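The primary structure of each chain is shown beneath.
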Amino acid sequence: MPHLRIVDDELWFAVQARAQAQEHRETRRGAGRPARHLLSGLARCGQCGGPMTVTNGKRSYETVKVYGCAYSRDRGKAVCTNTLRRPVDGINDAVARWISHTVLSEELLLDVIQHVRILLAERTTKTTTDLPRMEKEATRLRTEIDRLVTALATIDQKPEAVIRAIADRQEELSALEARLRGAKAAPEAIQLELRRMEAEARQRLDELKGTLTRKPEQAREVISMLFEGPIKLTPIETPEGKRFWVEGAANLWALFAAGCLKSASPAGFEPA
């Protein structure tokens, strides 16, 4: 029944795509044994696209865990020349610090909220523009119903076609009046929804920051949730020597209970 829809096709398919992506991530996280390191299974080599693996390495005279390209280690330089190995704890700290300061920032949250407000205002303007046309159509339907009812009252027999015509127009009018009520209430409802969305997003922001800094065992879940695509580690030269440049695209869906935007932020994680 198209006239009974409460969301449009664009929103419906966006929600379905989001649900499928969430199911895919949950399936991916649930497969196999739990990962012991923050970026295991999430990080890829920026040169060959192969997975980054954790092995033993040396830091001065100390044996430490390091991230390195699995393809370079297992298949040799013919497949990937990325032989850089960097301590796991340093990269994990840099990634967590960048996410906390850049992705989970109040400034970015306010930017997204403002963008949502602009989009909703545009949609409300379009709906408001349609109000005169809908009002005119509602008046026409009421007039036709009144005429049909008057005609029906003047005859003894009640033709089925006339009764059906009244019922059809009444059904159409009811749906149109519901749309009119929604359109007139939309601006106020949108402001209430934005305030609710912002409050929930701020709370979620604080929770995720706390998880990153105080609960290392759960920080991987935050990374997996915020970054749908791979996190790439590419070797670069710095004054201190070779380091990994870490980058990825952050997805702000997680911050919004009724989110409809993604903010892709090319990660400038500091070299680690």
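Calculation criteria
- Residues numbered from 1 in each chain as written.
- Predicted model: local features only at pLDDT ≥ 70, side-chain atom pairs only at ≥ 80, totals over all residues.
- Heavy atoms only, no water.
- Helix = DSSP H or I, 4+ residues; strand = E, 2+ residues; numbered from the N terminus.
- Contact = heavy atoms within 4.5 Å.
- Areas by Shrake-Rupley, 256 points an atom, 1.4 Å probe, with all protein chains shown as cover.
- Expected span 1.5 Å × (residues − 1).
- Buried < 20%, exposed > 50% of the residue type's maximum accessible area, 1.4 Å probe, protein only.
- Phe/Tyr/Trp six-rings, centres within 6.5 Å; stacked < 30°, edge-to-face > 60°.
- Lys NZ or Arg CZ within 6 Å of the ring centre and 35° of its normal.
- Salt bridge = Lys/Arg side-chain N within 4 Å of Asp/Glu carboxyl O.
- Core = buried A, V, L, I, M, F, W, Y, C linked by side-chain atoms within 4.5 Å.
- Pairing = 2+ DSSP bridges.
- Axes fitted to C-alpha atoms, helices over the stretch in contact; angles between N-to-C directions.
- pLDDT = per-residue confidence, 0-100.
- Patch = residues over 30% accessible without salt bridge, like charges linked within 9 Å, V, L, I, M, F, W, Y side chains within 5 Å.

1. Some points on the overall build of the chain
Helix and strand counts for the chain stand at seven helices and six strands. Going from N to C terminus, the chain has its helices and strands arranged as α-β-β-β-α-β-α-α-α-α-α-β-β. Residue pairs in contact within the chain that sit at least 24 positions apart in sequence constitute 60% of those at least 6 positions apart. Counting only carbon and sulfur atoms, one obtains 54% of the accessible surface of the chain, whose full area is about 16,700 Å².

2. Section: helix H5 (residues 131-153)
In this model H5 runs 33 Å from its N-terminal to its C-terminal C-alpha over 23 residues, within 8% of the 33 Å that 1.5 Å per residue would give. Looking only at H5, the buried set comprises Leu131, Met134, Ala138, Leu141, Ile145 and Leu152.

3. A word on the packing of aromatic side chains
Inspection of the entire model under this criterion finds zero aromatic pairs. Above the face of the tyrosine 71 ring, arginine 75 is positioned so that its terminal group lies 4.0 Å from the ring centre.

4. Observations regarding the pattern of salt bridges
Side-chain pairs of opposite charge can arise whenever the charged atoms involved come near each other. Using the criterion set out here, one finds eight salt bridges in the structure. Its salt-bridge partner being glutamate 62, residue arginine 59 comes within 3.9 Å of it at the nearest N-O pair. Through salt bridges with shared partners, a single ionic network connects Glu137, Arg140, Glu144 and Arg169.

5. Thoughts on the nonpolar core
Judged by nonpolar contacts, the single largest core of 41 residues is most densely connected at Leu39, Ile99, Ile223 and Leu233. Of all elements in the fold, only strand S1 (43-45), strand S3 (62-69), helix H3 (88-103), helix H4 (106-129), helix H6 (160-214), helix H7 (216-226), strand S5 (231-238) and strand S6 (241-247) reach the threshold of two or more residues within this core. If you look at the next biggest cluster of nonpolar residues, it comprises 10 residues, including Met134, Ala138, Ile145 and Leu152.

6. Details of H3
Taking 1.5 Å of rise per residue, 16 residues should cover 22 Å, and H3 covers 21 Å from first to last C-alpha, within 8% of that figure. Taken together, the buried positions of H3 are occupied by Val88, Ile91, Asn92, Ala94, Val95, Ala96, Trp98, Ile99, Ser100 and Val103.

7. Points about the sheet that holds S1
Read across the sheet, three strands follow the order S1-S5-S6 without closing on themselves; strand pairing throughout is mixed. Each of the sheet's edge strands pairs with one partner strand only, and the pair in question is S1 and S6. Across this sheet, the average inter-strand angle for adjacent strands is 40°, counted without regard to direction. Pairing between S1 and S5: three bridges, direction parallel. Note on S5: the bridge partner recorded for alanine 43 is isoleucine 231.

8. A word on the confidence of the model for the chain
Summarising the model, the chain shows a mean pLDDT of 78, and 75% of its residues fall at 70 or more. For the stretch residues 257-270, pLDDT sits under 50, and the model shows 47 contacts to residues farther than four places along the chain or on other chains.

9. Points about a nonpolar patch on the surface
A cluster of nonpolar side chains, Ile6, Val7, Leu11 and Val15, forms an exposed patch at the surface whose accessible area comes to about 370 Å². With respect to the helices and strands, valine 7 occurs in the segment before helix H1 (9-30).

10. Re the sheet that holds strand S2 (residues 52-59)
If you trace the three strands from one edge of the open sheet to the other, you get S2-S3-S4, paired in antiparallel fashion. Looking at the sheet topology across the chains shown, the edges are occupied by S2 and strand S4 (86-87). In this sheet, S4 lies alongside S3 in antiparallel orientation, the contact comprising two bridges. Bridging across to S4, valine 66 finds its partner in proline 87.

11. Remarks on the side chain of serine 100
Here serine 100 lies in helix H3. Those residues in contact with serine 100 that sit more than four places away from it in its chain are Ser105, Lys209 and Leu212.

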